[in-house]
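Understanding the architecture of this molecule
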Amino acid sequence: MTMRSFTASIIVAALSLGTPALVQAQGASSQPGAEQPSTQSSTVIRSIQVVDVKELQPAVREKVDELVANTSEKDIQSLRQSIDATPQAASVLKAKGLSSAQVVAINIADGVLTMFTKTA
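Per chain, the residues get numbers from 1 upward, laid out in the order the sequence is written. At least 70 in pLDDT is required for a residue's local features to be given in this predicted model, at least 80 for side-chain atom pairs to be given and counted, and no such filter applies to totals for whole chains, interfaces and linings, which use all residues. Each side-chain value is worked out from all heavy atoms of the structure, with water and hydrogens disregarded.

So, on to the overall build of the chain. Helix numbering and strand numbering both begin at the N terminus, where a helix is a DSSP run of H or I of at least 4 residues and a strand a DSSP run of E of at least 2. Secondary structure summary: the chain contains 6 helices and 3 strands in total. When the helices and strands of the chain are listed from N to C terminus, the series reads α-α-α-β-α-α-α-β-β. Between buried and exposed lies partly exposed: a residue is buried under 20% and exposed over 50% of the maximum accessible area for its type, with that area taken using a 1.4 Å probe on protein chains only. When burial is assessed residue by residue, the chain has 40% of its 120 residues classed as buried. At a minimum sequence separation of 6, the contacts of the chain that also span at least 24 residues come to 65%. Residue contacts follow a heavy-atom distance rule, with two residues in contact if any of their heavy atoms lie within 4.5 Å.

It is worth spelling out the sheet that holds strand β2 (residues 103-109) at this point. Sheet strands line up and pair through hydrogen bonds in the backbone, either parallel or antiparallel. Across the sheet, which stays open at both edges, the 3 strands sit in the order β1-β3-β2 with mixed pairing between neighbours. The open sheet has two free edges, formed respectively by β1 (47-52) and β2, since each of these has just one partner strand. Along the sheet, successive strands turn relative to each other by an average axial angle of 20 degrees, direction set aside. By the convention used here, strands pair only if DSSP detects at least 2 bridges between them. Taken together, the 6 bridges between β1 and strand β3 (residues 112-117) define a ladder with parallel strand orientation. Bridge pairing in β3 links V50 to M115. Helix-sheet contacts for helix α5 (residues 73-84) involve β2 and β3, and the interaxial angle to β2 is about 65 degrees. Note on geometry: axes are lines fitted to C-alpha atoms, helical ones only across the stretch in contact, with angles between N-to-C directions running from 0 to 180 degrees.

Of all the 7 residues making up β2, 7 are buried; the element is thus mostly covered by neighbouring parts of the structure. Here 6 bridges tie β2 to β3, and the two strands are oriented antiparallel to one another. Residue pairing for β3: V103 is matched across the bridge by T117.

Our focus in this paragraph is the environment of T117. Of note, T117 is situated in strand β3. As a C-alpha pair, T117 and A105 span 12 residues in sequence and 7.2 Å in three-dimensional space.

The salt bridge criterion pairs a side-chain nitrogen of Lys or Arg with a carboxyl oxygen of Asp or Glu, the two atoms within 4 Å. Overall, the coordinates contain 1 salt bridge when judged by the stated rule. The salt bridge partner of D65 is K118, with a shortest N-O separation of 2.7 Å. Of the two residues, D65 sits in helix α4 (residues 58-69) while K118 sits in the segment after β3, which places them 53 residues apart along the sequence. A residue is classified by how much of its surface remains accessible, and D65, at 29% relative accessible area, is partly exposed. Given a relative accessible area of 40%, K118 falls into the partly exposed group.

Laid out in structure tokens, this is it:
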């Protein structure tokens with residue numbers, strides 16, 4: 001799967017997870033039209049980062065937990081399959097001793113894919 005295809009797949013998953021609200025909750029600037037997949041389909045992922053939900057401020061962590069609670073298992077599985085199908089994303093997780101099974105949400109902003117993980 002090419003990175004462009006991955007981007008389209010992950011954006012759909014991101015929108016279904018409600019990550020634009022997460023972007024605002026973190027105080028990051030979101031792109032105008034962030035809720036329109038056609039606008040973001042040309043997004044190029046330049047870097048990938050992994051953030052453990054435990055590292056977030058309590059208010060942001062609560063919002064992430066709420067998003068996860070309101071996301072269907074099917075959407076989470078689709079997100080994880082997209083991550084597994086993308087060598088760059090999977091290798092970043094592996095380098096941190098993690099797997100896609102621990103990813104609970106993602107965010108794409110300014111070319112940066114952020115994967116939020118939750119460990120037991």
